[in-house]
Amino acid sequence: HYAKSPTAGDDGGLQEDVHGVDQSAAEENAAADRPALPEKPNFIILFGDDMGYGDSNMYGHPTSRTPNLERMAREGMRFTQFYSAAPVCSPSRASLMTGRYFPRAGVYRQTQGNRSTGMAVFTPTGSKGMLLSEVTIPQVLKPLGYVSGMVGKWHLGIQPPYHPVSRGFDSYLGCPFNLKGCNSTIVNGSAQTPNCMVFSNRTITEQPADLLNIDARYVQNAKDFIDDSADRPFLFYFSSYHTHLPQFASARYANTTRRGLFGDALAQFDGDVGEILDHLRQKGIANRTLVVFTADNGPQLASDLLGGEQGPLKCGKGTTYEGGVREPG
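Okay, so let's go over this structure. (Residues numbered from 1 in each chain as written. Predicted model: local features only at pLDDT ≥ 70, side-chain atom pairs only at ≥ 80, totals over all residues. Heavy atoms only, no water.)

Quick look at the overall build of the protein
Within the protein, the secondary structure is distributed over seven helices and 17 strands. With 329 residues in all, the protein has 51% of them scored as buried. Within the protein, contacts between residues at least 6 apart in sequence are counted, and of these 65% link residues at least 24 apart. (Helix = DSSP H or I, 4+ residues; strand = E, 2+ residues; numbered from the N terminus. Buried < 20%, exposed > 50% of the residue type's maximum accessible area, 1.4 Å probe, protein only. Contact = heavy atoms within 4.5 Å.)

Here it is in structure tokens:
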């Protein structure tokens, strides 16, 4: 079928969009020149949070700068009809990890009369998580010789049976739920996160979490994991907090964009992506690593300038309109 290209500076023409993949002749030629992936390629998932279809400039935002995401699109594929499985965090992530619809994983809200049972989104104080009967991507890959690592937001349960290292990952570093859920705020450039904790595998190593330095730690963890796993196939899941509230960025990216706090947070995410891509090339394994970028659900429009943009789509996070589930990728 044919779809209008959403890129900035579009002249209103039509480009061929095969099953939602926007590829120009130049991109097709570049794809033909790339070497085939090995029998057991590496996988890296770069996952944004509450990131709208219209937030990056490669999907038409006039003031965003995301050069590293653009680089991925230029060297690979850019999807214009790419959907998440749900318009909120936990169900979407359950589907990402299992390849199945989220109700099968037990991640949905049920009602019986006036009483609500089950969880649509898991909380820091909750005792539940994604059903233990579900099989995750790292659990599938492990018998094939893969090692798996993760940093960042898990949001599929915090108690030991539901923890990432109990669900197939060999290593984990991060705060496993969204930072807004643990009362985190940014005040005068200082990160205040009284209830947020950072886990290293199963051990809490930091509380409260230091948001302004957490991205650097995650990127370094990703680089170390790549270094340690370069001689065997691996999966790495880089699950960022950006651009979910609260918006924050390290000193390197703070006050550097035209979109204020949101733009700074988006620039931080894009910078993290660039560092990981560069490290793959430095290690000489970029051509045998499949890197995928997308996000869990649409933007939180109720937060106005701090909540992201859905572009030309209707509504955002929490709805099943296009703006809630159609994602960059």
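Overview of the nonpolar core
Of all hydrophobic cores here, the largest spans 62 residues; its most connected members are Ile 44, Leu 46, Phe 234, Phe 236, Phe 238 and Phe 293. What Phe 236 contacts, discounting residues up to four positions off in sequence, is Phe 43, Ile 44, Ile 45, Gly 149, Met 150, Val 151, Asn 221, Ala 222 and Phe 225. (Core = buried A, V, L, I, M, F, W, Y, C linked by side-chain atoms within 4.5 Å.)

Re the side chain of Asp 270
Relative to the helices and strands, Asp 270 resides in helix H6 (residues 260–282). Here Asp 270 occupies a buried position and makes no salt bridge, while the nearest side chain of opposite charge, Arg 65, is found at 6.8 Å. Discounting chain neighbours no more than four positions away, the residues touching Asp 270 are Thr 66, Pro 67, Asn 68 and Leu 69. (Lys, Arg positive; Asp, Glu negative; His and termini not counted. Salt bridge = Lys/Arg side-chain N within 4 Å of Asp/Glu carboxyl O.)

Here's the deal with helix H5 (residues 211–229)
Taking 1.5 Å of rise per residue, 19 residues should cover 27 Å, and H5 covers 27 Å from first to last C-alpha, within 8% of that figure. You can read the cap of H5 off the contacts: a side-chain oxygen lies 3.3 Å from the backbone nitrogen of Leu 212, and it is on Asp 210. (Expected span 1.5 Å × (residues − 1). Polar contact = N/O pair within 3.5 Å; in protein donor to acceptor, adjacent residues only side chain to side chain.)

Points about the pattern of salt bridges
Counted under the stated rule, the structure contains 14 salt bridges. Linking Asp 55 and Arg 259 is a salt bridge whose minimum nitrogen-to-oxygen distance equals 3.2 Å. Linking Asp 55 in the loop between strand E4 (42–48) and helix H2 (67–75) with Arg 259 in the loop between strand E15 (234–239) and H6, this pair joins segments that are 204 residues apart in sequence. Note on Asp 55: relative accessible area 0%, which makes it buried. Residue classification places Arg 259 among the buried positions, given a relative accessible area of 15%. Note that Arg 100 is salt-bridged to Glu 134, the shortest N-O span being 2.8 Å. Highlighted residues: Arg 100 in the loop between helix H3 (89–98) and strand E7 (110–112) and Glu 134 in the loop between strand E8 (115–117) and helix H4 (137–141), separated in sequence by 34 residues. Connected through shared salt-bridge partners, Asp 49, Arg 93, Lys 153 and Asp 296 make up one network.

Quick look at the packing of aromatic side chains
Across all of its chains, the model carries 10 aromatic pairs by this definition. Geometrically, the ring pair formed by Phe 43 and Tyr 146 is stacked, given 5.9 Å between the ring centres and 25° between the ring planes. Of the two residues, Phe 43 sits in strand E4 while Tyr 146 sits in the loop between H4 and strand E9 (147–152), which places them 103 residues apart along the sequence. When its relative accessible area of 5% is taken as the criterion, Tyr 146 is described as buried. Here the aromatic cluster, defined as three or more aromatic residues joined through ring pairs, consists of Phe 47, Trp 154, Phe 169 and Tyr 237. Over the ring of Tyr 59 we find Arg 78, and its NZ or CZ is 5.3 Å from the ring centre. Over the face of the ring belonging to Tyr 53 we find Arg 326, whose NZ or CZ atom lies 4.8 Å from the ring centre. (Phe/Tyr/Trp six-rings, centres within 6.5 Å; stacked < 30°, edge-to-face > 60°. Lys NZ or Arg CZ within 6 Å of the ring centre and 35° of its normal.)

Side note on the layout of surface pockets
Looking at the second largest pocket, its volume works out to about 350 Å³. The wall of the second largest pocket is formed by 18 residues, among which Ile 45, Phe 82, Leu 96, Val 292 and Thr 294 lie closest to the centre. At the level of secondary structure, the elements contributing two or more residues to the lining of the second largest pocket comprise E4, strand E6 (82–83), H3, H4 and strand E16 (289–295). Class assignment of the residues belonging to the lining of the second largest pocket gives a composition of 14 nonpolar, four polar and no charged. (1 Å grid on protein atoms, 1.4 Å probe; cavity = no way out; pocket = protein on both sides within 12 Å on 5 of 7 lines; lining within 4 Å. Points joined across faces, edges and corners; volume = space filled by probe spheres on them. Nonpolar A, V, L, I, M, F, W, Y, C, P; charged D, E, K, R; others polar.)

Treat this as a map of the structure, not an account of what it does.
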